[in-house]
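Spelled out, the chains give:
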Amino acid sequence: MKNYCLFIVLIFIMLVSCANPSFQEDEITLIPKPLHFQLNEQSFRVKSSTSISVSDESQTKAVSYLNMLLEQAAGFALDVSEEAQSGGILFEMSADLSGEAYQLEVTPRQIRIKASGESGFFYAVQTLRQLLPAQIESKTKANVDWLVPCVSIEDEPRFSWRGMHMDFSRHFFTLDEVKTFLDYMTLYKLNTYHMHLTDDQGWRIEIKKYPLLTEKGAWRIPNNQDTICMERAKENDLFQIAEKNFRQVDGERLYGGFFTQEEIREIVDYADERCITVVPEIDMPGHFKAAIDNYPFLSCKDQAGWATVFSTPCCLGKETTYEFMENVLAEVVELFPGPYIHIGGDEVNIQSWIDCPKCQGEIKKHGLKDEHELQSHFNRRIEKFLQAKGKQLMGWDEIVRGGLSEGATMMWWRNWAPQAPYIAADNGNDMVMTPDFQYYFDFTNEATPLQKVYDYKPVPEDFSPQQTEHILGVQANLWSEWIPNFKRLQYQTFPRIMALAETGWTSEEAKDFDDFFKRVEKHYPRMDVMDIHYYIPSVEGLEKKIVFVDSALVDLTLSFPLEGVEIFYTLDGSLPTRQSLRYTQPLVVKKPMVIKARAYRGEVFNDLKTTEIEQQSYREASAMVPDNKGLKRWFVKGKLNNVEEIKVPVTRNWQKTETIELGDFAKQKDFYLVYEGLFEASRDGVYEFELRSDGGSLMFLGDELLVDNGGYHGPRKRYAKVALKKGWHPFTIRYLPSSNPRVITAWVTNPGEEAQFLDGSVCGF
Ligand code: ACM
Ligand code: ZN
């Protein structure tokens, strides 16, 4: 009996030790988060002998993708059989699930996937991919145990449009780069790829009827965007303009590139294998300079050019414009099987139409109210053409102005046009939310951080259920003015694409940033295997110049904590690398120098931070002591060209004031303001003064210019730091507003304190 018991115990121990290992909840890092998820004991081991059983053609894309991943990373593909099996990976039809929904049940013996169509099966495989070790992303054979935790998942997306956009005009990306990007989208269950193929800076799609569009329109002499990128590249490799996009023509180095129609078909097929629909954008009637350059009859004055901000658009009073557009679109619709053709419609310089007799003739002929209605009239004609080809028109939210055509779908991007979604929904038009402030991934990660992307709510709070039905989903955009290569594109995309994906897929109630960020952190090793140059926290503490008298404490921090991130810096003006000094604690600096720092995670680095550390001696306080609290203000009517021209006479008509602000002066034209007072330094120390103004403004300490916010500009701020002895310090501030007076304020930051208004509380006269 004793031996028998021992035998049972031994068998039990053997069974337990043979069982596949179990996983902890925090090891599961699915993005986007599934609708229903349960983690169970043990795991399934994928081996070369594991078989796949299929039952329907709709499973083909999913199975091919899974086998492609395994073949690369594990060195084997799984046998696929149409016979029902009881073990291995089983794909089963489940007609009651909606199109993109799936169920995934992993037990130690089998993986059962249920869906009703190809997207559902495909997304189940993407979930499986994220449940497998990160090495599943490897393009070469990795020696790992291919364990899938036992889970039970029921999942489906919140929105049907989960999109990413890329701009090929400002800087071009190659076919291989497009494919790699489509694979990124695949991992996060995104399903719509918007290609911005034409714009002022280059035409990127072959149109056989108009060969000059790509023969010439796809190539440019490097422009100001290129020059700025080249300048930035001096200290940041991520701004190097991709060399492969240059070519030599008649001794001239030209930037550009385009896709042949054959390549476009290849992109569309590659996307389709990943359940991604491609939406082409041919931006019209503005943003069309690359075409007008080569077919000048398209414009009102038969020549391409720039108005104040935007390029001169096509003439909408000439029949040849409509013909041209239709001929272009006739070729485009044949290449893209998806339902939508995006015609842009944004940022048109309507002044060209105001000045054009032909455009004005068109307005009269059709009884249109204004140039916005002229654009709507154009859109309606284009829409009719597209509808006849079985396509739906899509455009940026400017298409709302002047009246929306019936079947048009709007892309809302202008946070400053908040009414557009209401107008579209009430008119019965569908829309995709791609707001500039949250979903423009070309903005820096500092300006649009991960949480800002994550927290965006695509449905306006007061939208009714009927209005909400018109929101197809969300999309983020990657305008490429400052994205001159694919590494920079990765840096702008990751990890923000994950926040977009979760908003597009996961229900609003299930979203939680802290929980999300824990999963994002675990995706960094996966991004490493994918060779992605993602964004990492930036170095903080060098945003402003550092000024000291005896010594300065330089305290560097990271904008958020992330495992494996280190700061390297230099004090000799050279660019920091991983071989530079590693930052471990605050530095005490006793002489002037330049400090440059950047964060690294392995070889991945972020943008350089630089500041000057300046030594000053204290400025002595004035012998003057004020009799009154507050400031003196001098208001002058008169026209000057710039703030530097303001002269302050010895005798003038002062008024007392407590604050530096525009107030009612905002309604005035042609004037300037001068403020004067004594600032009280409450102790010896380094003080910071800041001017915020439009137009131009200057702050003098005594006779010396301290803050230079001069020139002529829109609202902006400039600051300066100065070491002051305790006591009273005389200053003047001169302000010449722009033609649209917006703001004048001044701020002071006392040593170690928060910024406060420079006003009567700290000034006297
Ligand atoms: C846009 O950003 N002009 C749509
Ligand atoms: Zn015209």
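In short, a report on the structure. Please read all numbers here as calculations on a predicted model, not as lab measurements. All residue numbers refer to positions counted from 1 along the written sequence of the respective chain. Starting at A for chains and at 1 for ligands, labels are handed out in the order in which the entities are written. pLDDT decides what is reported in this predicted model: residues at 70 or higher carry local features, side-chain atom pairs at 80 or more are listed and counted, and totals for whole chains, interfaces and linings draw on all residues regardless. Derived side-chain values reflect all non-hydrogen atoms in the structure, with water molecules and hydrogen atoms excluded from consideration.

**A few points about the pairing of strand β30 (residues 631-637)**
Then comes step 1: Strand pairing is defined by DSSP finding a minimum of two bridges between the two strands. The way it works is that DSSP assigns letters per residue, a run of H or I at least four long becomes a helix, a run of E at least two long becomes a strand, and they are numbered from the N terminus. Two strands pair when backbone bridges link them, and β30 and strand β31 (residues 655-657) are joined in this way by three bridges, in the antiparallel orientation. Directly across from Lys632, in β31, lies its bridge partner Lys656.
Then comes step 2: Judged from the six bridges that link them, β30 and strand β32 (residues 671-681) form a sheet pairing that is antiparallel. If you follow Val636 over to β32, its bridge partner there is Tyr672.

**Here's the deal with the coordination of the zinc ion (ligand 2)**
Then comes step 1: Here the coordinating atoms are restricted to nitrogen, oxygen and sulfur within 2.8 Å of the metal centre, or 3.2 Å for Na, K and Ca, and because water is not among them the sites may look incomplete. Taken together, Cys300 (SG), Cys315 (SG), Cys356 (SG) and Cys359 (SG) make up the protein donors of the zinc ion (ligand 2), found 2.2 to 2.4 Å from the metal.
Then comes step 2: Only two sets of limits are used to name each site, 85 to 135 degrees for every angle of a tetrahedral four-donor site, and over 155 degrees for opposite donors with all other angles from 65 to 115 for a square planar four-donor or octahedral six-donor site, with any other site named irregular. Classification of the site at the zinc ion (ligand 2) rests on its four donor atoms, whose angles at the metal span 102 to 115°, yielding the label tetrahedral.

**Focus on the nonpolar core**
Then comes step 1: To qualify as a nonpolar core, a set must consist of buried Ala, Val, Leu, Ile, Met, Phe, Trp, Tyr and Cys residues joined through side-chain atoms within 4.5 Å. The buried label applies to any residue whose accessible area, calculated with a 1.4 Å probe on protein chains only, is under 20% of its type's maximum; exposed applies above 50%, and partly exposed to all values in between. Among the nonpolar cores identified, the biggest contains 135 residues, and Met164, Phe168, Phe181, Tyr193, Trp203, Ile205 and Phe288 are the most heavily contacted of them.
Then comes step 2: Contacts: residue pairs with any heavy atoms within 4.5 Å of one another. Those residues in contact with Phe288 that lie beyond four places of it in its chain are Asp200, Trp203, Ile282, Asp283, Leu298, Ser311, Cys314, Phe324 and Met325.

**Focus on helix α11 (residues 357-365)**
Then comes step 1: Looking only at α11, the buried set comprises Cys359, Glu362 and Ile363. Around the axis of α11, the buried residues are gathered within 100° of arc, so they sit on the same side. Across α11 from its buried face, at more than 90 degrees, point the exposed residues Pro357, Lys364 and Lys365.
Then comes step 2: Close packing links the buried residues of α11 with α9 (319-335), α10 (351-354) and α12 (371-388).
Then comes step 3: One or two positions beyond α11, positive phi appears at Gly367, with a value near 60°. Picture the helix axis, draw a direction to every C-beta atom, and the arc is the one those directions span.

**Examining the sheet that holds strand β12 (residues 246-249)**
Then comes step 1: Spatial strand order, β11-β13-β12: three strands in an open sheet with antiparallel pairing. Across the chains shown, the open sheet's two edge strands, defined by having one partner strand only, are β11 (219-220) and β12.
Then comes step 2: Examined bridge by bridge, β12 and strand β13 (residues 252-256) share four bridges and lie antiparallel to one another. Residue pairing for β13: Arg247 is matched across the bridge by Leu254.

**Some thoughts on the packing of aromatic side chains**
Then comes step 1: What counts as a ring pair is set by centres within 6.5 Å for rings of Phe, Tyr and Trp (its six-membered ring), and what kind of pair is set by the plane angle: stacked under 30 degrees, edge-to-face over 60, tilted for all other angles. Inspection of the entire model under this criterion finds 47 aromatic pairs.
Then comes step 2: The interplanar angle of 75° and the centroid separation of 5.3 Å between the aromatic rings of Phe168 and Phe259 together place this pair among those described as edge-to-face. In this pair, Phe168 is assigned in the loop between β8 (161-167) and α4 (175-187) and Phe259 in the loop between β13 and α7 (261-272), connecting sequence segments 91 residues apart. Like Phe259, Phe168 is buried.
Then comes step 3: With 6.1 Å between their ring centres and 20° between their planes, Tyr184 and Phe486 make a pair best called stacked. Linking Tyr184 in helix α4 with Phe486 in helix α17 (residues 486-493), this pair joins segments that are 302 residues apart in sequence.
Then comes step 4: On the basis of relative accessibility, which here comes to 4%, the residue Tyr184 falls in the buried class.
Then comes step 5: Among the aromatic residues, ring-to-ring pairing joins Trp396, Trp413, Trp416, Phe437, Tyr440, Phe443 and Trp479 into one connected group.
Then comes step 6: Positioned over the ring face of Trp482 is Arg232, at 5.0 Å from the centre of the ring. Here, a charge over a ring means that NZ of Lys or CZ of Arg falls within 6 Å of the ring centre while also lying within 35 degrees of the ring normal.

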